[in-house]
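The primary structure of each chain is shown beneath.
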Amino acid sequence: MRINVNNIIVSLERNQDKEIIKEIEKRGVKRNNIKSIIWSKRSIDSRKKSDIKLIYNLEVELETPVDITTLKNISLAKDIEKATREPILSIDKEVAVIGAGPAGLFAALRLAEYGFIPIVFERGEEVDKRDITTENFVKNSILNPNSNIQFGEGGAGTYSDGKLNTRIKSEYMDKIFETLVECGAPSNILWDYKPHVGTDILKIVVKNLREKIKSLGGKFFFNHRLENIHIKNGKISGIDIINSTGEKEYHSFNSVILAIGHSARDTYRMLHKNGVQMESKPFAIGARIEHPRCDIDKMQYGKFADNELLGSATYSVTYNNRAEERGVFSFCMCPGGVIVNASSELNTSLVNGMSYSQRDGRFSNSAIVVGVKENDFGSHLFAGMEFQEKLERKTYELGQGYGALYQGVLDFMNNKKTTYEIESSYEMKKTSYNLNDFFPEVIVDNMKSAFEYWSKNPMFISRNANLIAPETRTSAPVRIIRDIKGMSVNVYGLYPIGEGAGYAGGITSAGVDGVKIVDLAFTRVKD
Ligand code: FAD
């Protein structure tokens, strides 16, 4: 018999195991009847810095069954019933999957599990080669526009903090987490309230996931970029691929899954030229804020800052400009992480954040971004995307190369150029620049209002906090419109999925979208 014992609250200073057992006993379970305990969820309550608490939800297996009505605040653990599905036989077995990010990889896996043959075309390199290319970019400023922090095996998620928390709720989450663990992610992602993997482990996971897909019949082609799609009578009929030697290949396909991420601007333009229906969508831009990690740990955990049960501290801040209906918020927080140049186009620069599994770097960073509405910078489809591009090009020009702009937060608030050099995790060139003169007024004013609002916390808005800019690629600036089964509304057989399609944001939700659309479009519930 398995039972759920939820909401066990234990002070950080107590012995966790002993207190957990005591609490289970208090609820009516005899100690010698406990066979095993699995953590279903663990979260941290650090609201009261002098008494931080850990909160556990547990699944407990009992040696002998008991009458559940004799137990307090305990329920029976239920086996989740999963609908069994089968492939739709009329669909061609071979399915093209464009992009090997989380959405493409999980779609390919799901297809292969149902007996389809996913043929994955990825413009970037496989992860080991991509690593060398990316390092060459950081050291020598040589950018490969097809293989970089955004593009290549594992997609944008490979060089990331590997945060897996998401606001979406989906029956497919377990599938994603269990697969990640099977492919090498630590098992604590199954219970941690804020699970994360780290770039070092993600690279291993991505390789194992590729091998798993291959073992089920999938095929991978790296350095293969989708250049064009062929549409006949409203249906997809084939694709043009530029292969690793630069030659154009035509491949005939009736089903094409597009998992291109939010940075493939050339591909967006090609789709638009072919008449694929798209619309502009809101996104956000701003800068990374970076603090010494010890400041953030102290800010969040007070005297418990070094407690190993807590790890490096995360935070989340928001500010709402009600008059403008515009939000400013922290995004993609990387505790103990590094800021990286996330460029994927020649002569442009932008930043993002990533971390290693230990999250033990000297700094902690997070993007502070302002919501951008569809029509803020023009009303045509690619106005938002062109605005991103413009800022990225301007950064390259101001920094005279692949670098980033920096400014102390206090100097930004006082409209004053920073006159000193800063210490930062960002390895490439940093140029001091007054960001008041860089971003449009709407971004500057909202960021300043947010910093004023947050300045009641002097550890957050301090002389130690620096801005590294710009963060432009928080999510897709367009959406490729699809129907409820995930198919493009005007091109039969074309399935836009994941972040680039505008239906996901983050590793987990992109993976979930990949699995979900395969289920909806390529399978049906068994009779
Ligand atoms: P992507 O991961 O972007 O994958 C798209 C793939 O398609 C790429 O590999 C690209 O090379 C390929 N492609 C594009 N065009 C073509 C073409 N024409 N032909 C062939 N291939 C093509 N999210 C989180 O949840 N947690 C984090 O901690 C986190 N940190 C991040 C840190 C960084 C530095 C970055 C850049 C992103 C981070 N993200 C994070 C965001 C996350 O990586 C994305 O949301 C996620 O990867 C989206 O998945 P996707 O599969 O939809 O697209």
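Not measured: the values here are computed from a predicted model.

### Let's talk about the site of the ligand
The immediate surroundings of the ligand are formed by 36 residues, with Glu122, Ala156, Leu226, Glu499 and Ile507 found nearest. Between an oxygen atom of the ligand and a main-chain N or O atom of glycine 157, the distance comes to 3.0 Å. Here leucine 226 contributes a backbone N or O atom positioned 2.8 Å from a nitrogen atom of the ligand. When isolated, the ligand has an accessible area of 990 Å², and the protein chains bury 95% of it. Of the residues belonging to the shell around the ligand, the class tally is 15 nonpolar, 15 polar and six charged.

### What about the side chain of aspartate 161?
Mapped onto the fold, aspartate 161 is located in the loop between helix 3 (127-140) and helix 4 (173-182). There is a polar contact of 2.7 Å between the side chain of aspartate 161 and the side chain of arginine 359. Excluding residues within four positions of it along the chain, aspartate 161 makes contact with His196, Val197, Gly198, Met333, Cys334, Pro335, Gly353, Met354, Ser355 and Arg359.

### Brief notes about the pattern of salt bridges
Tallied over the full model, the rule gives 38 salt bridges. Residues arginine 265 and glutamate 345 are paired through a salt bridge, measuring 3.2 Å at the closest nitrogen-oxygen approach. You can see arginine 265 sitting in helix 6 (residues 265-273) and its partner glutamate 345 sitting in the loop between strand 17 (338-341) and strand 18 (351-354), a full 80 residues away along the chain. Arginine 265 sits in the buried class, given a relative accessible area of 1%. Three or more residues joined by partner-sharing salt bridges are found here, namely Glu126, Glu153, Arg210, Glu211 and Lys214.

### Digging into the UniProt feature "domain: FAD/NAD(P)-binding" (unreviewed entry) in the protein
As recorded in UniProt, the feature "domain: FAD/NAD(P)-binding" (unreviewed entry) lies at residues 94-267. Helix makes up 32% of residues 94-267 and strand 21%, whereas the separation of the span's terminal C-alpha atoms amounts to 22 Å.

### Looking at the layout of surface pockets
The volume enclosed by the second largest pocket comes to roughly 940 Å³. Lining the second largest pocket are 37 residues, with Ile44, Tyr301, Leu310, Gly311 and Ser312 positioned closest to its centre. Counting residues per element, the ones that place at least two in the lining of the second largest pocket are strand 2 (34-45) and helix 7 (293-301). Counted by class, the lining of the second largest pocket contains 13 nonpolar, 12 polar and 12 charged residues.

### Let's talk about the UniProt feature "domain: FAD-dependent protein C-terminal" (unreviewed entry) in the protein
The feature "domain: FAD-dependent protein C-terminal" (unreviewed entry), as annotated in UniProt, sits at residues 282-474 in this numbering. Helix makes up 23% of residues 282-474 and strand 30%, whereas the separation of the span's terminal C-alpha atoms amounts to 10 Å.

Rules used throughout
Every chain's residues receive numbers from 1 upward, in the order its sequence appears when written. At least 70 in pLDDT is required for a residue's local features to be given in this predicted model, at least 80 for side-chain atom pairs to be given and counted, and no such filter applies to totals for whole chains, interfaces and linings, which use all residues. In computing side-chain values, all of the structure's heavy atoms are included and hydrogens and water are not. By convention in this text, a residue qualifies as near a molecule or strand provided that one of its non-hydrogen atoms is within 4 Å of it. Think of a polar contact as two N or O atoms within 3.5 Å of one another; within protein, one of them needs to be a possible hydrogen donor and the other a possible acceptor, and neighboring residues in sequence only count if both atoms come from side chains. The Shrake-Rupley method, run with a 1.4 Å probe sphere, supplies the accessible areas, and residue values consider only the shown protein chains as cover. All residues other than Ala, Val, Leu, Ile, Met, Phe, Trp, Tyr, Cys, Pro, Asp, Glu, Lys and Arg, Gly among them, are scored as polar; the first ten of these are nonpolar and the last four charged. Put simply, DSSP H or I for four residues or longer makes a helix, DSSP E for two residues or longer makes a strand, and each gets a number counted from the N terminus. Contacts are assigned to residue pairs that have any heavy atoms within 4.5 Å of one another. One speaks of a salt bridge when a side-chain nitrogen belonging to Lys or Arg is within 4 Å of a carboxyl oxygen belonging to Asp or Glu. Relative accessibility under 20% of the residue-type maximum defines a buried residue, over 50% an exposed one, and the middle range a partly exposed one, all with a 1.4 Å probe and only protein chains included. UniProt positions are given in the numbering used here, feature names are shortened, and annotations may be inferred rather than shown by experiment. A cavity here means a set of 1 Å grid points, computed over protein atoms only, where a 1.4 Å probe fits but cannot escape. A pocket is an open set with protein on both sides within 12 Å along at least 5 of 7 lines, and lining residues have an atom within 4 Å of a point. Grid points are joined across faces, edges and corners, and a volume is the space filled by probe spheres set on the points.

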